[in-house]
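# Topology and contacts: notes
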Amino acid sequence: MTIPGTSSDTRADLYDITFVGAGPVALYGMYYAGLRMTKFKTIDMLEEIGGGLMALYPEKYIFDVAGFPKVMAKDLTRMFKEQACQYPHEFRLGEKVVGLERDKDGIIHLITDKGEHLSKTVVICAGLGAYIPKKLEIPNVERLEGAGIYYFVRRINDFRDKNVLIVGGGDSAFDYSMMLEPVARNITHIHRNDFFAAHEDSVRKVMNSRVRMKFPFWEVKSIEGEDWVRRVTIFQSRTGEEETLDIDAIVFNIGFLTSLGPIEDWGLELEHNAIKVDSRMRTNIEGVYAAGDIVTYDGKLKLISTGCGEVAIAVNNAKNYIDPKAKVSPGHSTDKHELAQKKWARKQAQEHAHQPSEKKE
Ligand SMILES: Cc1cc2nc3c(=O)[nH]c(=O)nc-3n(C[C@H](O)[C@H](O)[C@H](O)COP(=O)(O)OP(=O)(O)OC[C@H]3O[C@@H](n4cnc5c(N)ncnc54)[C@H](O)[C@@H]3O)c2cc1C
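Residues numbered from 1 in each chain as written. Predicted model: local features only at pLDDT ≥ 70, side-chain atom pairs only at ≥ 80, totals over all residues.

On to the overall build of the protein, then. From N to C terminus, the protein includes seven helices and 22 strands. Expressed as lengths along the three principal axes of its C-alpha atoms, the size of the protein is roughly 80 × 40 × 40 Å. Here the protein, with 361 residues, has 37% of them falling under the buried criterion. Residue pairs at least 24 apart in sequence account for 63% of intrachain contacts in the protein once pairs closer than 6 positions are excluded. (Helix = DSSP H or I, 4+ residues; strand = E, 2+ residues; numbered from the N terminus. Buried ≥ 20, exposed ≤ 12 C-beta atoms within 10 Å, placed from the backbone. Contact = placed C-beta atoms within 7 Å.)

Shown next, in the form of structure tokens:
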């Protein structure tokens, strides 16, 4: 007998796990979903996988991922992808999930701008939604966006031999300083507070580099330039001291406004613009899990490493939800890897004999 939404329900269009988002956290989740021999699909509204790593900072070095002393975001994405795609997988890119409903049989319907997807469980790894950079409200900022004013560093080469001003005291601002230091003609880095939010070691490295640090209480007063940024006046807000610098690239990194967009209307319990989860990464909707930047719980850190740990918990609990006979703990990958690969190959061969082919990446 087929019980809807359970492991005995094998309809072709019904997936075991569907990931909303194809950022680093979902990609790592895909690896576990394959290891646990589930049928899974990954949907992202962007045309490219990698989430924030590819959309915001592909050429930034990341220093705090377990096992990688230093790795460029686009290289890390390539390795996440390689790990994720070793098992049968399906990407739906350029497709935005706008609705989530759980029907009376426990099947979850994900409604997108292109159609509908059915899944026994869903793991939401949608990050912070849209990243909208905070902007300074001073003349010329909006007019010179794309003409020397940046909010992200996507291509290091854009800054080669430029006089660069970095504005901000968080990790990304310091990472950008370190990343551009070898290529820029010179870098001035200013921060308006008397403390840094960045890691202590990042601050130390920048302080010891040829970056000229203006701190504390330094802010941008005015920006000049007709068709491109040419000069910037900075000031010390306590003493009134001013300096005018020849600058041809400013990187503002003063925070982001985030918006969950349609996810706000899915009936999920939210707190501070994030989805509340328990220690098994369950949301308040049965069968719906969440991981990565989009979740909140006591002690949450928004990092790639923590997101990866969370999605491992989410996927293994989703497996146990779909098939209560399956253990939550996956064991170690070395025990499971070859066995899973062989079983997948057998399962694929059987399914291909019975089903029409679907859109695969
Ligand atoms: C400038 C900057 C520098 C950073 N540096 C570091 C660092 O050095 N180390 C570190 O650990 N972390 C860093 N972070 C944080 C890190 O990028 C995040 O922790 C990580 O990207 C979270 O991964 P995620 O998969 O949860 O979300 P994301 O990477 O944000 O991916 C979410 C994906 O979900 C998709 N999505 C969202 N809503 C929908 C929807 N409704 N339908 C379909 N798709 C949807 C998005 O398009 C996106 O691709 C940095 C962040 C920024 C902004």
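Back to the write-up after that little detour.
With that settled, consider unusual backbone geometry. In this model, Phe215 is joined to Pro216 through a cis peptide bond whose omega is 0°. In this structure, Pro216 sits in the loop between strand 13 (212-214) and strand 14 (218-224). Positive phi values are uncommon outside glycine, yet Asn140 reaches one of about 80°. Note on placement: Asn140 falls in the loop between strand 9 (130-133) and strand 10 (149-150). Among the residues examined, Asn140 registers 18 C-beta atoms within 10 Å and is labelled partly exposed.

Gly21, Gly23, Gly51, Gly127 and Gly292 are the nearest of the 38 residues found near the ligand. Those elements giving two or more residues to the shell around the ligand turn out to be helix 1 (24-35), strand 2 (40-44), helix 2 (52-55), helix 4 (171-180) and helix 6 (304-322). Here the shell around the ligand is built from residues that sort into 21 nonpolar, 11 polar and six charged. (Near = placed C-beta within 6 Å. Nonpolar A, V, L, I, M, F, W, Y, C, P; charged D, E, K, R; others polar.)

Another aspect to go through is the packing of helix 1 against helix 6. How two helices sit against one another is set out by the angle between their axes and by the gap between those axes. Two elements in contact, helix 1 and helix 6, have axes whose closest approach is 8 Å; the angle formed by their N-to-C orientations is 35°. Of the two elements, helix 1 crosses helix 6, and the hand of that crossing is right-handed. Contacts between helix 1 and helix 6 pair Pro24, Val25, Ala26, Tyr28, Gly29, Tyr32 and Ala33 from the former with Ile304, Gly307, Cys308, Val311, Ala312, Ala314, Val315 and Asn316 from the latter. For the contact of helix 1 with helix 6, the per-class residue count stands at 12 nonpolar, three polar and no charged. (Axes fitted to C-alpha atoms, helices over the stretch in contact; angles between N-to-C directions. Left-handed = near helix turned anticlockwise from the far one by under 90°.)

Another point: the environment of Pro262. Mapped onto the elements of the fold, Pro262 is located in the loop between strand 18 (256-259) and strand 19 (270-271). In this structure, the C-alpha to C-alpha distance between Pro262 and Gly148, residues 114 residues apart in sequence, is 33 Å.

Turning to the nonpolar core, a few remarks are in order. The biggest cluster of nonpolar side chains holds 86 residues, and the ones touching the most others in it are Val123, Cys125 and Ile250. A total of nine residues in this core trace back to one element, the largest contributor, which is helix 1. Of the domains in this structure, domain 1 (14-129 + 257-354) and domain 2 (135-254) are the two that each give at least three residues to this core. With sequence-adjacent residues up to four places away left out, Val123 is seen in contact with Ile17, Phe19, Gly29, Tyr289, Ala290, Ala291, Val311, Ala314, Val315 and Ala318. (Core = buried A, V, L, I, M, F, W, Y, C linked by C-beta atoms within 7 Å. Domains from an automatic or database assignment.)

The next subject is the sheet that holds strand 17 (residues 249-252). Ordered by their spatial adjacency, five strands build an open sheet running 10-17-11-12-13, and the pairing between neighbours is parallel. Taken across any chain shown, the strands that pair with only one partner, and hence form the sheet edges, are strand 10 and strand 13. Looking at chain direction, strand 12 (residues 186-190) and strand 13 are connected through three bridges and run parallel. Paired with Ile190 across the strands is Lys214, a residue of strand 13. In the packing of helix 4 onto the sheet, the strands contacted are strand 11 (163-167), strand 12 and strand 17, and the crossing angle to strand 11 comes to about 165°. (Pairing = 2+ DSSP bridges.)

If you walk across this open sheet you meet the three strands as 14-15-16, and the pairing is antiparallel. Of all the strands in the sheet, just strand 14 and strand 16 (242-246) have a single pairing partner and so form its edges. Here the average twist between neighbouring strands, direction ignored, is 25°.

A word on the packing of helix 1 against helix 3 (residues 73-84). At a minimum axis distance of 7 Å, the contact between helix 1 and helix 3 shows a crossing angle of 25°. If you check the angle between helix 1 and helix 3, you find them roughly parallel. Pair helix 1 / helix 3 crosses with left-handed handedness. Across the interface between the two elements, Pro24, Leu27, Tyr28, Met30 and Tyr31 from helix 1 touch Thr77, Phe80, Lys81, Gln83 and Ala84 from helix 3. For the contact of helix 1 with helix 3, the residue count by class is seven nonpolar, two polar and one charged. (Parallel < 35°, antiparallel > 145°, perpendicular 65-115°, else oblique.)

The subject of this paragraph is the domain arrangement of the protein. The domains assigned to the protein are domain 1 (14-129 + 257-354) and domain 2 (135-254). Each of domain 1 and domain 2 has a C-alpha centre, and these two points are 36 Å apart. Class assignment for the residues of the side of domain 1 that touches domain 2 results in four nonpolar, no polar and two charged.

The side chains of a regular strand alternate between the sheet's two faces. In the sheet, strand 6 (residues 97-102) pairs with strand 7 (residues 108-112) via five bridges, with the strands oriented antiparallel. Opposite Glu101, over in strand 7, you have His109 as the bridge partner. In sequence, strand 6 turns back onto strand 7 through a hairpin of five residues, with Gly106 there showing a positive phi of about 90°. Relative to strand 8 (residues 116-124), strand 7 is paired through four bridges, and the arrangement is antiparallel. If you follow Ile111 over to strand 8, its bridge partner there is Glu116. Where strand 7 folds back on strand 8, the antiparallel hairpin that results is connected by three residues.

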